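As a plain string of letters, each chain reads:
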Amino acid sequence: MKRLGLLLVLCASPLLSHADTLRCGSKLVNLGDRTFEVMQKCGEPAFRDPVGYTVGPYNRRETNIEEWAYEPSNGMFTILTFEGNRLTRIERKRRQ
């Protein structure tokens, strides 16, 4: 019986620590998704802020960086970072 419990914990642990997805209703947003895909799944963000650009060789602008913020859900803001139209980071912050 102990082995079954341990097996269930080991199988469930990747789901609990998996931080590169976001649930919007019944849909999942993953790192690498495009902005229009996230918009279709999660709707319009509460805030959209251009952050800047990545810098390539010789200080050339490479891709734009933008952050989207969604209103608190269970007291947590969700902040999505896009680089060059691709989702690169999902961050959750407690409302203060």
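As the structure is a prediction and not an experimental result, all values here were calculated from the model.

1. Brief notes about the pairing of strand β3 (residues 47–55)
Here's step 1: Here seven bridges tie β3 to strand β4 (residues 61–73), and the two strands are oriented antiparallel to one another. Bridge pairing links R48 to W68 in β4.
Here's step 2: Two successive antiparallel strands, β3 and β4, enclose a turn made up of five residues, where Y58 displays a positive phi of approximately 65 degrees.

2. Some remarks on the pattern of salt bridges
As a working rule, side chains carrying opposite charge can pair if their charged atoms are close by.
Here's step 1: For the coordinates displayed, the defined rule picks out seven salt bridges.
Here's step 2: With a shortest N-O distance of 3.9 Å, R48 and E44 are connected by a salt bridge.
Here's step 3: According to the relative accessible area criterion, R48 is partly exposed, its value standing at 38%.
Here's step 4: In this structure, the salt-bridge partner of R60 is E62, at a minimum N-O distance of 3.0 Å.
Here's step 5: Salt bridges linked by common partners bring E67, R89, E91 and K93 together as one network.

3. Notes on the nonpolar core
Here's step 1: Of all hydrophobic cores here, the largest spans 11 residues; its members are L22, C24, V29, V38, C42, W68, Y70, L80, F82, L87 and I90.
Here's step 2: Those elements that place two or more of their residues in this core are β1 (21–24), α2 (35–42), β4, β5 (76–83) and β6 (86–94).
Here's step 3: Setting aside residues no more than four positions away along its own chain, F82 makes contact with D33, R34, T35, V38, N64, I65, E66, W68, L87 and T88.

4. Some words on the sheet that holds β6
Here's step 1: Spatial strand order, β3-β4-β5-β6: four strands in an open sheet with antiparallel pairing. With one partner strand each, in any of the chains shown, β3 and β6 form the two edges of the open sheet. In this sheet, adjacent strand axes meet at a mean angle of 20 degrees when their direction is disregarded.
Here's step 2: Contacts from α2 reach β3, β4, β5 and β6, with the element oriented near 10 degrees to β4.

5. Regarding the state of the cysteines
In a disulfide, the sulfur atoms of two cysteines are covalently bonded to one another.
Here's step 1: Evaluation of the coordinates by the stated rule reveals one disulfide.
Here's step 2: Here C24 pairs with C42 through a disulfide, and the sulfurs are 1.8 Å apart. Disulfide C24-C42: torsion about the S-S bond near 80 degrees, hence right-handed. Taken together, the residues span a long stretch of sequence, with C24 in strand β1 and C42 in helix α2 at a distance of 18 residues. An identical accessibility class is assigned to C24 and C42; each is buried.

The rules behind each value
All residue numbers refer to position in the chain's written sequence, counted from 1. The predicted nature of this model means local features are confined to residues of pLDDT at least 70 and side-chain atom pairs, given and counted, to a pLDDT of 80 or more, with totals for whole chains, interfaces and linings taken over all residues. Each side-chain value is worked out from all heavy atoms of the structure, with water and hydrogens disregarded. A pair of strands is treated as paired once DSSP finds two or more bridges between them. Helix and strand assignments follow DSSP, with helices taken as H or I runs no shorter than four residues and strands as E runs no shorter than two, numbered in order from the N terminus. When a carboxyl oxygen of Asp or Glu lies within 4 Å of a side-chain nitrogen of Lys or Arg, that pair is called a salt bridge. Only protein chains enter the calculation, and the probe is 1.4 Å; a residue is then buried if its accessible area is under 20% of its type maximum, exposed if over 50%, and partly exposed in between. We define the nonpolar core as a collection of buried residues of types Ala, Val, Leu, Ile, Met, Phe, Trp, Tyr and Cys that are connected through side-chain atoms lying within 4.5 Å of one another. The contact criterion used throughout is that any non-hydrogen atoms of two residues lie within 4.5 Å. Here the axes come from fitting lines to C-alpha atoms, over the contacting stretch only for helices, and the angles between their N-to-C directions go from 0 to 180 degrees. Two cysteine sulfurs form a disulfide in these notes if their separation is within 2.5 Å.

Honestly, that's just the spatial picture; any functional story needs more than this.
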